[in-house]
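# Examining the three-dimensional arrangement
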Amino acid sequence: MQKRKTVLDILTMKKAGEKITMLTAYDAAMSALLASADVDVLLVGDSLGMVVLGYDSTVPVTMDEMIHHASAVRRGAPGAFVVGDMPFGSYQTGIRDAIINGGRFLKEAGCDAVKLEGGLEVCDVVTALVQAGVSVMGHIGLTPQTATQLGGYKVQGRDVESAKKMVVEAQALEKAGVFAIVMECIPDELGRIISEEIAIPTIGIGAGVHCDGQVLVTHDLLGMFEKFIPGFVKSYCKLAPIIKEAVADYSREVRNGEFPDKEHSFSSQSNLRELLGLS
Ligand code: KIV
């Protein structure tokens, strides 16, 4: 089993110039595979809603759904550093709700930290969570929970004013106490500048190579999710056609009586019918 990383280990990786790898996980089988492939951080993202639960956005995802899946991820990878994504509505309603819900990720699901989206408007909540003992990862740039307010799923921080705002947000989140910040869908030069301006690690998704780490949705990396593939995604293999072919082979063999064959069946006495007293 891998030695479970701590927040301090993640912070030290930036200082040492070591890149951080983070991937999403939603179940025990996948988290076990990812952990054995030495991924530094497993994120139980609220992308769960679109990737696994079939919602059109991340907005409908509930705390109970997140806890259910985060617990499975923890069971599959007891030695992994696991971050639970706080779903829409679980921290916007006030500090008390944020602490109750953030605490659930630690107490019920065994997570090491939580992630939440937003800039200046969430700094109070971040500080309160950290003071309550919940480590927090920030998330700026394209924030899917509020994508409609940002004009949809598009690159953020392209003009000087919004780029400046993002630098200020990253600095404010660092001051508020986050231990790392996800930066989604921003120009690579802005990714570089923010990574240089703050001492905590930046983890990019569509934010260029200069971030201190990278995150992808695992189903995108594996080519399993064909509905929508953002431009920043690199699929390292294409599992969707392989899965479809294997399933079609299975169905064909079942239908024509090829499966199960002798190798996949259990034998018994050849005169079983007689032994059972059946004619
Ligand atoms: O929910 C998620 O998977 C995320 C990542 C895309 C960073 O927030």
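Now for a look at the structure at hand.

Cut-offs applied
- Residues numbered from 1 in each chain as written.
- Predicted model: local features only at pLDDT ≥ 70, side-chain atom pairs only at ≥ 80, totals over all residues.
- Heavy atoms only, no water.
- Helix = DSSP H or I, 4+ residues; strand = E, 2+ residues; numbered from the N terminus.
- Buried < 20%, exposed > 50% of the residue type's maximum accessible area, 1.4 Å probe, protein only.
- Areas by Shrake-Rupley, 256 points an atom, 1.4 Å probe, with all protein chains shown as cover.
- Lys, Arg positive; Asp, Glu negative; His and termini not counted.
- Charge placed at Lys NZ, Arg CZ, Asp CG, Glu CD.
- Patch = residues over 30% accessible without salt bridge, like charges linked within 9 Å, V, L, I, M, F, W, Y side chains within 5 Å.
- Salt bridge = Lys/Arg side-chain N within 4 Å of Asp/Glu carboxyl O.
- Pairing = 2+ DSSP bridges.
- Axes fitted to C-alpha atoms, helices over the stretch in contact; angles between N-to-C directions.
- Contact = heavy atoms within 4.5 Å.
- Phe/Tyr/Trp six-rings, centres within 6.5 Å; stacked < 30°, edge-to-face > 60°.

## Some remarks on the overall build of the protein chain
- Each helix and strand in the protein chain was counted, giving 11 helices and eight strands.
- Summarising its shape, the C-alpha atoms of the protein chain cover approximately 85 × 35 × 35 Å along the three principal directions.
- Out of the 279 residues belonging to the protein chain, those deemed buried represent 47%.
- Only carbon and sulfur atoms are counted for the fraction: they give 57% of the accessible area of the protein chain, which is about 14500 Å².
- The centroid of the 26 positive side-chain charges in the protein chain is displaced by 1 Å from the centroid of its 35 negative side-chain charges.

## With respect to a nonpolar patch on the surface
- There is a patch of nonpolar side chains on the surface, built from Leu272, Leu275, Leu276 and Leu278 and spanning about 380 Å² of accessible area.
- One can find Leu272 in helix 11 (residues 272-275).

## A short note on the sheet that holds strand 2 (residues 41-44)
- Read around the closed barrel, the eight strands follow the order 1-2-3-4-5-6-7-8; overall the barrel is parallel. Pairwise comparison of adjacent strand axes, ignoring direction, gives a mean angle of 25° for this sheet.
- Examined bridge by bridge, strand 7 (residues 202-205) and strand 8 (residues 213-216) share two bridges and lie parallel to one another. By the bridge assignment, Gly204 is partnered in strand 8 with Gln214.
- Here helix 4 (residues 63-76) sits on the sheet in contact with strand 2 and strand 3 (81-85), set at roughly 155° to strand 2.

## Side note on the packing of aromatic side chains
- Per the stated rule, a full pass over the model turns up two aromatic pairs.
- Ring plane angle 75° and centroid distance 6.0 Å describe the contact between Phe81 and Phe179, whose orientation is recorded as edge-to-face. Note that Phe81 is positioned in strand 3 and Phe179 in the loop between helix 7 (160-176) and strand 6 (180-184), a separation of 98 residues in sequence. Neither residue differs from the other here; Phe81 and Phe179 are each classed as buried.

Nothing here speaks to function; it is all geometry.
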